[in-house]
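The chain contents come next:
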Amino acid sequence: MTQAHDNYDATRYLEQAVELAIRNVAAGGGPFGALVVTPDGQVHEGTNRVTRDNDPTAHAEVVAIRTAAAATANFDLSGAVLYTSCEPCPLCLSAALWARIDRVYFAADRHGAAAAGFDDAVFYEYFDGTRPELLPVAHEAIPTSDAPFDAWRGHAQRTEY
């Protein structure tokens with residue numbers, strides 16, 4: 001797979017992601033589906049499993065990333081593309097960044113999701129810095145705060161990421 005994706009590829013994969021989302025609704029899951037296409041052309045699927053697994057992080061994009069990483073035995077998915085039925089939320093965008101996904105394509109946008117009852121606009125406000133009260137976060141340094149990093153630096157067989 002090349003870096004340049006033509007509209008046919010994007011449309012085809014987005015249609016697959018939307019179909020996954022529709023099937024997931026019929027199976028009792030959330031209306032979200034995603035694909036990670038790795039550089040070798042392999043397609044790794046994910047559907048929203050939040051309510052099925054009682055896992056608030058089991059968004060379709062995260063599940064697809066987990067599936068691709070497990071199948072490739074690599075946490076670094078550089079060169080891969082994420083196709084998703086809906087605009088990724090901040091959690092999913094963060095997961096894509098950590099996975100080193102090269103590009104993201106989405107079908108429906110956040111406004112369509114909000115109209116269906118999935119409104120994450122307040123999360124965007126939090127990350128914009130306009131709603132810090134949603135999740136107060138405090139730094140409390142303790143004498144051993146840096147000990148895990150010292151252990152990491154001293155571990156000769158560490159895997160960088």
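No experiment lies behind these values; they were computed from the predicted model shown.

Basis of the calculations
- Residues numbered from 1 in each chain as written.
- Predicted model: local features only at pLDDT ≥ 70, side-chain atom pairs only at ≥ 80, totals over all residues.
- Heavy atoms only, no water.
- Salt bridge = Lys/Arg side-chain N within 4 Å of Asp/Glu carboxyl O.
- Helix = DSSP H or I, 4+ residues; strand = E, 2+ residues; numbered from the N terminus.
- Buried < 20%, exposed > 50% of the residue type's maximum accessible area, 1.4 Å probe, protein only.
- Contact = heavy atoms within 4.5 Å.
- Phe/Tyr/Trp six-rings, centres within 6.5 Å; stacked < 30°, edge-to-face > 60°.
- Lys NZ or Arg CZ within 6 Å of the ring centre and 35° of its normal.

Caption draft 1: A look at the pattern of salt bridges. Under the counting rule described, the total for this entry stands at eight salt bridges. The salt bridge involving R66 is made with D55; its shortest N-O contact spans 3.7 Å. Highlighted residues: R66 in helix α3 (residues 60-72) and D55 in the loop between α2 (50-53) and α3, separated in sequence by 11 residues. The class of R66 is partly exposed, set by a relative accessible area of 41%. Under the relative-accessibility criterion, D55 is labelled partly exposed at 22%. Shared partners join several salt bridges into a network, and the residues in it are E125, R131 and E133.

Caption draft 2: Layout of the environment of V36. Among the structural elements, V36 can be located in strand β1 (residues 33-37). Distance from V36 to G46, taken between C-alpha atoms, is 8.3 Å for residues 10 residues apart in sequence. In this view, V36 contacts Q42, V43, H44, A64, I65, A68, L77, A80, V81, L82 and I101; residues no more than four positions away in its chain are not counted.

Caption draft 3: Looking closely at the environment of P88. Relative to the helices and strands, P88 resides in the loop between β3 (81-86) and α4 (90-99). Residues P88 and V104, spaced 16 residues apart in sequence, show a C-alpha to C-alpha distance of 8.7 Å.

Caption draft 4: Main features of the packing of aromatic side chains. A full pass over the atoms with the stated rule returns seven aromatic pairs. Measuring from centroid to centroid gives 5.3 Å for Y126 and F127, while their planes differ by 85°, and the two rings are edge-to-face. The exposed category is assigned to F127, whose relative accessible area is 60%. One aromatic cluster is present, built from ring pairs that chain together F75, W98, W152 and Y161. The cationic tip of R110 hangs over the ring face of Y124; the distance from NZ or CZ to the ring centre is 3.8 Å.

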